[in-house]
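These are the residues of each chain, in order.
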Amino acid sequence: MSQRTMVLTGASRGIGHATVQRFSNEGWRVLTCSRHAFPNECPWGSGAENHVQIDLADPKATMAAIDDIRSRLDGRLDALVNNAGISPKAPDGGRLNTLETDLRTWGQVFHVNFFASVVLARGLKDELAAAKGSVVNVTSIAGSRVHPFAGAAYSTSKAALAALTREMAHDFGPLGVRVNAIAPGEVETAILSPGTDKIVEQLPMRRLGQPSEVAAAIFFLCSDESSYISGTEIEINGAQHV
């Protein structure tokens with residue numbers, strides 16, 4: 001069998017970085033997309049050659065990057081993982097609510113967290129169809145409830161992405177492409193907000209999730225083990241949602 005290929009946005013840290021590691025260990029070729037240049041200290045072999053620097057907050061740049069990505073493929077794409085996301089904070093680090101978030105911030109958040117996902121999926125539709133591939137959108141527990149740290153723009157963009165996942169599953173299904181989402185809860189990454197420990201005390205499992213556990217769910221949804229799963233959102237939160 002030929003080597004499988006994945007395109008991953010938001011690859012530079014946290015869940016994205018763990019996802020690169022998991023898929024690389026499984027023998028996949030991973031094309032990473034990030035607004036940052038490929039770091040010299042990153043251990044992934046041939047990583048620089050498989051990296052696309054792109055600012056997903058810029059719609060024109062996102063559309064232009066599709067040609068670059070397609071040129072790196074052999075006409076097939078086994079998986080697209082839309083992991084990139086931003087959650088701006090107030091100057092004091094606090095949560096931005098609906099009364100305080102300016103329209104420019106709303107637009108920036110939605111371009112990265114929502115619009116980029118459908119733009120990339122549509123632009124890579126033929127390659128995904130050729131491989132009977134899979135799309136995984138990374139949403140959030142904040143998309144279904146008010147969160148003490150996640151801002152209103154972030155939360156509503158993730159709720160919209162969950163709805164988009166259902167719509168895409170309906171539209172891409174006839175092409176043989178499955179579309180699903182994962183909704184992480186409190187995961188131990190470098191961007192945890194102060195006070196997260198108070199949330200952890202109330203979780204049924206009494207611990208943070210690990211990026212590798214989220215990456216495992218993403219891998220499952222991109223593998224043949226989930227060949228009849230489409231249009232669903234898997235919650236990865238230690239029962240925080242119950």
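Above this note sits the structure.
Rules behind the numbers
- Residues numbered from 1 in each chain as written.
- Predicted model: local features only at pLDDT ≥ 70, side-chain atom pairs only at ≥ 80, totals over all residues.
- Heavy atoms only, no water.
- Helix = DSSP H or I, 4+ residues; strand = E, 2+ residues; numbered from the N terminus.
- Contact = heavy atoms within 4.5 Å.
- Buried < 20%, exposed > 50% of the residue type's maximum accessible area, 1.4 Å probe, protein only.
- Pairing = 2+ DSSP bridges.
- Axes fitted to C-alpha atoms, helices over the stretch in contact; angles between N-to-C directions.
- Salt bridge = Lys/Arg side-chain N within 4 Å of Asp/Glu carboxyl O.
- Parallel < 35°, antiparallel > 145°, perpendicular 65-115°, else oblique.
- Left-handed = near helix turned anticlockwise from the far one by under 90°.
- Nonpolar A, V, L, I, M, F, W, Y, C, P; charged D, E, K, R; others polar.

Draft legend 1. Looking closely at the side chain of Thr5. Position of Thr5 among the secondary structure elements: in strand E1 (residues 5-9). Not counting residues within four places of it along the chain, the set of residues in contact with Thr5 comprises Trp28, Arg29, Leu31, Leu73, Leu77, Asp78 and Ala79.

Draft legend 2. Structural context of the environment of Ala163. Its location among the elements puts Ala163 in helix H5 (residues 152-172). By relative accessible area, which is 27% here, Ala163 ends up partly exposed. Sequence separation of Ala163 and Phe114 is 49 residues, and the distance between their C-alpha atoms is 10 Å.

Draft legend 3. Representation of the sheet that holds E1. Spatial ordering of the open sheet is given by E3-E2-E1-E4-E5-E6-E7, a layout of seven strands whose pairing is parallel. One side of each edge strand has no neighbouring strand; the edge strands of this open sheet are strand E3 (51-53) and strand E7 (233-236). Ignoring which end each strand starts from, the neighbouring axes of this sheet average 15° apart.

Draft legend 4. Region of interest: the pattern of salt bridges. Here the structure, examined in full by the defined rule, presents six salt bridges. A salt bridge links Glu26 to Arg22; the shortest N-O distance between them is 3.1 Å. According to the relative accessible area criterion, Glu26 is partly exposed, its value standing at 41%. Of the charged contacts, one joins Asp78 and Arg76 as a salt bridge, the two residues approaching to 3.8 Å between their closest N and O atoms. On the basis of relative accessible area, Asp78 is assigned to the buried category, the value being 10%.

Draft legend 5. Here's a closer look at the packing of helix H3 (residues 103-123) against H5. Between H3 and H5, the shortest axis-to-axis distance is 9 Å and the interhelical angle comes to 15°. Between H3 and H5, the interaxial angle falls into the category roughly parallel. The hand of the H3/H5 crossing is right-handed. For the pair formed by H3 and H5, the contact residues are Trp106, Val109, Phe110, Asn113, Phe114, Ser117, Val118, Ala121 and Arg122 on the first element and Ala152, Ala153, Tyr154, Thr156, Ser157, Lys158, Ala160, Leu161, Leu164, Met168 and Phe172 on the second. Here the contact of H3 with H5 is built from residues that sort into 14 nonpolar, four polar and two charged.

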